[in-house]
Amino acid sequence: MSHPSILAKITGIGHFLPNDVLTNADLEKLVETNDEWIRTRTGISERRILKDPDKATSFMASEAAREALQSAGRQASDVDAIIVATVTPDFMFPATACLVQKEIGADKAFGYDISAACSGFLFALSTGASLIEAGRQKCVLVIGADKMSAIVDYTDRNTCILFGDGAGAVVLEPSSDGTGLIDFVQRSEGDTDHLLIQEGGGSCHPASLSTVEQRKHYIRQEGRAVFKKATEGMADVSAEIMRRNNLSAEDVAWLVPHQANLRIIDATANRMGLSSEKVMINISHYGNTTAATIPLCLYDWKDKLKKGDNLVLAAFGGGLTWGAAYLKWGGAK
Ligand code: UT7
């Protein structure tokens, strides 16, 4: 593999999690389910929910962005570009990135959103890294943020047990010491679009009384089919990125997996030959926060990361989309 001469590295990390907790016991009161089923089938015990009706994804994204900038020792005025990965934008347009730009006062930055569902942060990271590698920008905020509670049907036990709200952000800057984002593998498979979808509200089914009556404004997932695809897909790309960068299991310090289901994470770690101590897992407390899962893991583990650690990030989501990234940790605070 040939790699770019300028790498992008993560110089700061921030996060936001709402205070309100939705436990499995709470869900037992809403749908026909039970704590034991949810824990054993998914690994989830509770999730955070942004209850304040006046606050949306841009609020969480801005909070995470502020913390990431502080951790990088940067001001909002230093930011050249803001990329927000989300499937729960405040509005269809303008982009949530523009709302974040206003909220944090990043006056000289441009911004746009990326829609790649649970792979969104990884795909946005790839785009952000490319801007830096090309020498076009020097400071890029990459944010994964989702208020999943806004599109979850709390009468559908197939989906409502899975998702939570949250945001994570990183600052990307040029790296001159060989650390940073080294490689990406990204995949899409549009003919499986129907497996995980929010049908209503777009130009195909514009919001109407009928779309609401048909509950098209909520997520719909064929769980078993997505599970099968995710188990294969996340493991495939993780093995591929190790192979093409000559990484053995011993070389990998951490797997940073999308947190959709503990069984999918275990399958990926097994294929990579990694023991469980090398896998970042926080699904138990936050559930699936869609674009926020990977930066929330990086945030929770940041004090354990050492300069030079090899990290493999892996994601899978609607689209279907999936991918992996290889990065050499550069020592963000
Ligand atoms: O992040 C984006 C990508 N998304 C994913 O990666 C999610 C992938 N899918 C999954 O994680 C799993 O498929 C689920 C957690 C959604 C479901 O687990 P599963 O082991 O695939 O269960 P299933 O859908 O095959 O259902 C097994 C049984 C069914 O009952 P029968 O037909 O066997 O009698 C379901 O009706 O479990 C039942 N069931 C439930 N029971 C209690 C489904 N949901 C629930 C529930 N509580 N919440």
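The rules behind each value
Residues numbered from 1 in each chain as written. Predicted model: local features only at pLDDT ≥ 70, side-chain atom pairs only at ≥ 80, totals over all residues. Heavy atoms only, no water. Near = heavy atom within 4 Å. Polar contact = N/O pair within 3.5 Å; in protein donor to acceptor, adjacent residues only side chain to side chain. Areas by Shrake-Rupley, 256 points an atom, 1.4 Å probe, with all protein chains shown as cover. Helix = DSSP H or I, 4+ residues; strand = E, 2+ residues; numbered from the N terminus. Pairing = 2+ DSSP bridges. Axes fitted to C-alpha atoms, helices over the stretch in contact; angles between N-to-C directions. Contact = heavy atoms within 4.5 Å. Core = buried A, V, L, I, M, F, W, Y, C linked by side-chain atoms within 4.5 Å. Buried < 20%, exposed > 50% of the residue type's maximum accessible area, 1.4 Å probe, protein only. Domains from an automatic or database assignment. Buried area = accessible area lost by both parts, 1.4 Å probe. Salt bridge = Lys/Arg side-chain N within 4 Å of Asp/Glu carboxyl O. Nonpolar A, V, L, I, M, F, W, Y, C, P; charged D, E, K, R; others polar.

1. What to know about the site of the ligand
Then, in step 1: Close to the ligand lie 25 residues; Thr 33, Arg 41, Arg 224, Asn 261 and Asn 288 are nearest.
Then, in step 2: Here a nitrogen atom of the ligand and a side-chain polar atom of Gln 221 are 3.1 Å apart.
Then, in step 3: In this structure, Gly 223 approaches the ligand through a main-chain N or O atom, which is 3.0 Å from an oxygen atom.
Then, in step 4: Notes on the ligand: free accessible area 950 Å², of which the protein chains cover 77%.
Then, in step 5: Mapped by element, the contributors of at least two residues to the shell around the ligand are α2 (35–42), α7 (223–244), α8 (262–272) and β12 (310–317).

2. A few points about the sheet that holds strand β6 (residues 140–147)
Pairing between the strands of a sheet comes from backbone hydrogen bonds, and it takes one of two forms, parallel or antiparallel.
Then, in step 1: Taken together, the 5 strands give an open sheet; going across it, the order is β1-β7-β6-β4-β5, and neighbouring strands pair in mixed fashion. Sheet topology places β1 (7–16) and β5 (110–114) at the edges, where each strand pairs with a single neighbour. Going across the sheet, the axis of each strand differs from the next one's by a mean of 20°, ignoring polarity.
Then, in step 2: In terms of strand pairing, strand β4 (residues 81–85) meets β6 through 5 bridges, oriented parallel. When the bridges of β6 are listed, Ile 83 appears paired with Val 142.
Then, in step 3: Against the sheet, helix α10 (residues 293–301) contacts β1 and β7 (165–175), and its axis sits at roughly 85° relative to β1.

3. Brief notes about the nonpolar core
Then, in step 1: Ranked by internal contacts, the top residues of the largest apolar core, which has 44 residues, are Ile 219, Val 252, Leu 255, Met 272, Leu 274 and Phe 316.
Then, in step 2: Taken together, the elements giving at least two residues each to this core come down to β8 (180–188), α7, α8, β12 and β13 (321–328).
Then, in step 3: Residue contributions to this core peak at 6 residues, all from α7.
Then, in step 4: Mapped onto the domain boundaries, this core takes at least three residues apiece from domain 1 (7–178) and domain 2 (182–328).
Then, in step 5: Not counting the four nearest positions on each side in its chain, Leu 274 is found in contact with Ala 249, Val 252, Leu 255 and Ala 269.
Then, in step 6: Core analysis: the next-biggest nonpolar cluster, separate from the first, contains 39 residues, Ile 10, Ile 83, Leu 122 and Phe 123 among them.

4. Focus on the domain arrangement of the chain
Then, in step 1: According to the domain assignment, the chain consists of domain 1 (7–178) and domain 2 (182–328).
Then, in step 2: Between the C-alpha centres of domain 1 and domain 2 there is a distance of 14 Å.
Then, in step 3: Counting residues at the interface gives 51 residues for domain 1 and 49 residues for domain 2.
Then, in step 4: Here domain 1 and domain 2 share an interface that buries about 3800 Å² over both sides, 64% of which is from carbon and sulfur atoms.
Then, in step 5: Where domain 1 meets domain 2, there are 2 salt bridges.
Then, in step 6: Among the salt bridges present, the one from Asp 153 reaches Arg 215, with a minimum N-O distance of 3.0 Å.
Then, in step 7: Mapped onto the side of domain 1 that touches domain 2, the elements with two or more residues apiece are β1, α2, β3 (46–49), α5 (120–133), β6 and β7.
Then, in step 8: Tallied by class, the residues present in the side of domain 1 that touches domain 2 amount to 25 nonpolar, 16 polar and 10 charged.

5. Describing the sheet that holds β12
Then, in step 1: With mixed pairing, the 4 strands of this open sheet are ordered in space as β8-β13-β12-β11. Pairing within the sheet leaves two strands with one partner each, and these edge strands are β8 and β11 (254–257). When the angles between neighbouring strand axes are averaged without regard to direction, this sheet yields 15°.
Then, in step 2: In this structure, β12 lies alongside β13, joined through 8 bridges in antiparallel fashion. Bridging across to β13, Leu 313 finds its partner in Ala 325.

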